[in-house]
Structure formats: structure tokens, C-alpha cells
Amino acid sequence: MLADLTAGAVHDAEARSARRPLEVVERDALAQPPARDALAALAPSERVKIIAEVKRASPSRGDLADIPDPALQARLYEQGGASAISVLTEGRRFKGSLSDLEAVKAAVSVPVLRKDFIATEYQVLEARASGADLVLLIVAALAQPVLARLHALILELGMTPLVETHSAEEVDTAADLGATLIGVNARDLSTFTLDRDLFGRLSSRIPAGAVKIAESAVLTPADVAHYRAAGADVVLVGEALVTNDPISTLASFLGAGS
């Protein structure tokens, strides 16, 4: 599943590059205002922080919400106390787009993450050209030299990489990169099975000084409290916020993680 999603995202990026060549995207990326400081926004504090996700669908759950106005959804997230906004830009299975990212960036003052299956320099450049402050890199999807090259490019463009892991070896790979935001995804992206306890087993391997982010399997305040007790500085939440009232749901989640 992960290989198919990554291949599809790269294919779609190649199609966009035929209409908008690399040199144009690079020019637009370099013309953007400086990226917002994601490390400051997500730094560990006395209470858990939330990355709230604009997410219409997923391969495991199908359609979740129409979200006709992603900017409005993001404003509600910011109003509810989210420290950053994640935008799914993959179009085939998640029904997102770079237009969603651009609309969200214009609507909020917190950092915005491009969440996609990033595997090429072109995708990183178009993320910055569309206003992204953070870019997701999935260790399992990338050969180590490619991972290192994209990580360096994201930093060079002034953005922050969120390096996603799913095993002890992948956490070590992220640490070796010097990643400052390390996520542990409870969902195995090869099989889409969930293990909510994976974060707790791996969190001690995340280096001191790196922000620890728990991803997936968050539907209730108890799930947030579970991750917080296991050492999470930040929890990324998608489905629970697009299928419920986002402001009251965020309030309950933030309260559970205090």
C-alpha cells in the first residue's frame, strides 16, 4: 500500500511538472515569505499540543468528510487551540490537493504541514511554493540517501521536516539524520493495521531535544491521554476532528493531555 501511494503521488507530481516546470516551481518557492517557526509552535510544554488535520478520506476508512471549505476548517482548528495544521494533499486516496494547502495557509497564523507521500525534490519545492512550513517525510517510503537529500532540501528552504517512523530502526534512522520533529505512526502504512502502544515502546529511542509526535489511532480524549502518558509532546489528529465538532473536540483532547 505504501509503495503504491508513493508511486501514485510521484506520478501525479510528474504530471504537474509538465504544466509547471521545475524552474518555475523553484522560483515560486524562493519567492515565498519565510516559513513559520514550527519548532517553536510545537516545542514541549506543560500540556500536549495538537496538529489538527484537514482530511477528507483515507484508504483505510474511505470517505470521512466533504470539507468544501478547508480554510474554514483550519480556522476552526486554530480557534480551538491547534498548534499547527496538517493538510493532506494526496489526491487519489485522500482527496486532497495543493489548493487545499494554499487556502489553509492563507487562513491561519499557525504553521502548516504538507502531508503527502514525498519522494522527489519537485514535491518539496512545490510544498514551499504553496506555502508549507513543514513537510512530511516517511522513512519507510524512502531509501536512506533520498531521505537524507530531501531532509536537507527542506531545511535549506527554511521549512521543518517531520520525519515519520514505525519501528525502532526507523527511529534510529531519523535520529541519525538529526531530525528535530520525529513522529511515530501507530498505523503500519504497508498493511494499514493499527498499534496504539507502538509510540510508548519507541518513544524512549527518540533523542532528547527532538519533539515527540504520536500519530494515528486518536478518536477519544483517552487516546490523547494515553499518548501523553507515554511521553508525546504532540499528537496529530485527523478523523476525530473532521467527523465531530472541531472546537469542542479539540478542547476535550487538549484537556486530556494537560
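The shown structure was predicted, so the numbers you read here are calculated from the model rather than taken from an experiment.

Draft legend 1. Quick peek at the overall build of the chain. Tallying secondary structure elements over the chain gives 12 helices and 10 strands in all. A globule of 258 residues ought to have a C-alpha radius of gyration of about 18 Å, and the chain, at 17 Å, matches this closely. Projected onto its principal axes, the C-alpha coordinates of the chain cover approximately 45 × 40 × 35 Å. Every one of the 258 residues in the chain was classed for burial, and the buried ones make up 55%. A separation of at least 24 residues holds for 67% of the contacts in the chain among residues at least 6 apart in sequence. Approximately 10300 Å² of the chain is accessible, and the part contributed by carbon and sulfur atoms is 52%.

Draft legend 2. Summary view of the pattern of salt bridges. If you walk through the whole model with that rule in mind, you get 15 salt bridges. Across the salt bridge formed by Arg27 and Asp28, the nearest N and O atoms sit 3.2 Å from each other. Its relative accessible area of 53% is what places Arg27 among the exposed residues.

Draft legend 3. Seen up close, the layout of surface pockets. Of the voids in this model, the largest pocket is the one considered here, and its volume is about 420 Å³. Along the wall of the largest pocket there are 27 residues; nearest its centre are Glu53, Lys55, Lys115, Arg187 and Ser216. At the level of elements, β6 (134-138) and β10 (234-237) are the ones that each hand at least two residues to the lining of the largest pocket. Its residues assigned to classes, the lining of the largest pocket shows 14 nonpolar, five polar and eight charged.

Draft legend 4. Representation of the packing of helix α4 (residues 70-80) against helix α12 (residues 246-256) within the structure. Where α4 contacts α12, the axes come no closer than 8 Å and their chain directions differ by 35 degrees. Where α4 crosses over α12, the two elements pack in a sense that is right-handed. Along its contact with α4, which presents Gln73, Leu76, Tyr77, Gln79 and Gly80, the element α12 presents Pro246, Ile247, Leu250 and Leu254.

Draft legend 5. Spotlight on the sheet that holds strand β1 (residues 49-54). The strand order around the closed barrel formed by eight strands is β1-β4-β5-β6-β7-β8-β9-β10, and the pairing between neighbours is parallel. Taken over all neighbouring pairs, the strand axes of this sheet differ in orientation by 25 degrees on average, direction set aside. Pairing of β6 with strand β7 (residues 160-165), which is carried by five bridges, proceeds in the parallel orientation. Looking at the pairing, Ile138 lines up with Glu164 of β7.

Draft legend 6. Seen up close, the packing of helix α2 (residues 22-30) against helix α6 (residues 121-129). Running from N to C, α2 and α6 point in directions that differ by 40 degrees, and their axes come no closer than 7 Å. Taken together, the axis directions place α2 and α6 in an arrangement best described as oblique. The element α2 and its partner α6 pack so that their crossing is left-handed. Where α2 approaches α6, its residues Leu22, Val25, Glu26, Asp28 and Ala29 are matched on the opposing element by Tyr122, Leu125, Glu126, Arg128 and Ala129.

Draft legend 7. Region of interest: the nonpolar core. Tyr77, Ile85 and Val235 are the most contacted members of the largest nonpolar core, which totals 70 residues. Per element, the largest residue contribution to this core is five residues, and it comes from α6. Each residue touching Ile85, except ones within four places of it in the same chain, is listed here: Ile51, Ala52, Val54, Ala74, Tyr77, Glu78, Val104, Val108, Val110, Pro111, Val112 and Leu113. By size, the runner-up hydrophobic cluster in this structure holds 22 residues, among which are Leu5, Leu88, Leu134 and Val234.

Draft legend 8. Region of interest: the packing of aromatic side chains. Here the structure, examined in full by the defined rule, presents two aromatic pairs. Judged by centre distance (5.9 Å) and plane angle (75 degrees), the rings of Phe199 and Tyr227 are edge-to-face. With a gap of 28 residues between them, Phe199 in helix α9 (residues 198-202) and Tyr227 in helix α10 (residues 221-229) connect regions that are remote in the sequence.

Scoring rules and cut-offs
- All residue numbers refer to positions counted from 1 along the written sequence of the respective chain.
- In keeping with the model being predicted, local features are shown solely for residues with a pLDDT of at least 70 and side-chain atom pairs are shown and tallied solely at 80 or more, while totals for entire chains, interfaces and linings include all residues.
- Here the side-chain values reflect all heavy atoms present in the structure, with hydrogen atoms and water set aside.
- Strands here mean DSSP runs of E at least two residues long; helices mean DSSP runs of H or I at least four residues long; both are numbered from the N terminus.
- Atoms counted for the radius of gyration: C-alpha only. Globule rule: 2.2 Å times residue count to the power 0.38.
- To sort residues, take the accessible area from a 1.4 Å probe on protein chains only and compare it with the maximum for the residue type: under 20% means buried, over 50% means exposed, and anything in between is partly exposed.
- Here, two residues are considered to be in contact whenever any of their heavy atoms come within 4.5 Å of each other.
- Note on areas: Shrake-Rupley with a 1.4 Å probe; residue coverage comes only from the protein chains shown.
- Salt bridge, as applied in this entry: a Lys or Arg side-chain nitrogen positioned within 4 Å of an Asp or Glu carboxyl oxygen.
- Using only the protein atoms, space was sampled on a 1 Å grid; points where a 1.4 Å probe fits but cannot get out form cavities, open sets with protein on both sides within 12 Å along at least five of seven lines form pockets, and lining residues are those with an atom within 4 Å of a point.
- Grid points are joined across faces, edges and corners, and a volume is the space filled by probe spheres set on the points.
- Here the term charged refers only to Asp, Glu, Lys and Arg, the term nonpolar to Ala, Val, Leu, Ile, Met, Phe, Trp, Tyr, Cys and Pro, and the term polar to all other amino acids, Gly among them.
- To obtain an axis, a line is fitted to C-alpha atoms, over the contacting stretch when the element is a helix, and the angle between two such axes runs from 0 to 180 degrees between their N-to-C directions.
- Handedness of a crossing follows from how the near helix is turned relative to the far one, being left-handed for an anticlockwise turn of less than a right angle and right-handed for a clockwise one.
- Strand pairing is defined by DSSP finding a minimum of two bridges between the two strands.
- Reported orientations rely on four angle classes, namely roughly parallel under 35 degrees, roughly antiparallel over 145, roughly perpendicular from 65 to 115, and oblique for the rest.
- Nonpolar cores are built from buried Ala, Val, Leu, Ile, Met, Phe, Trp, Tyr and Cys residues. Side-chain atoms within 4.5 Å join them into one set.
- A pair of Phe, Tyr and Trp rings is counted when the ring centres sit within 6.5 Å of each other, with Trp represented by its six-membered ring. The angle between the planes then sorts it: under 30 degrees is stacked, over 60 is edge-to-face, the rest tilted.

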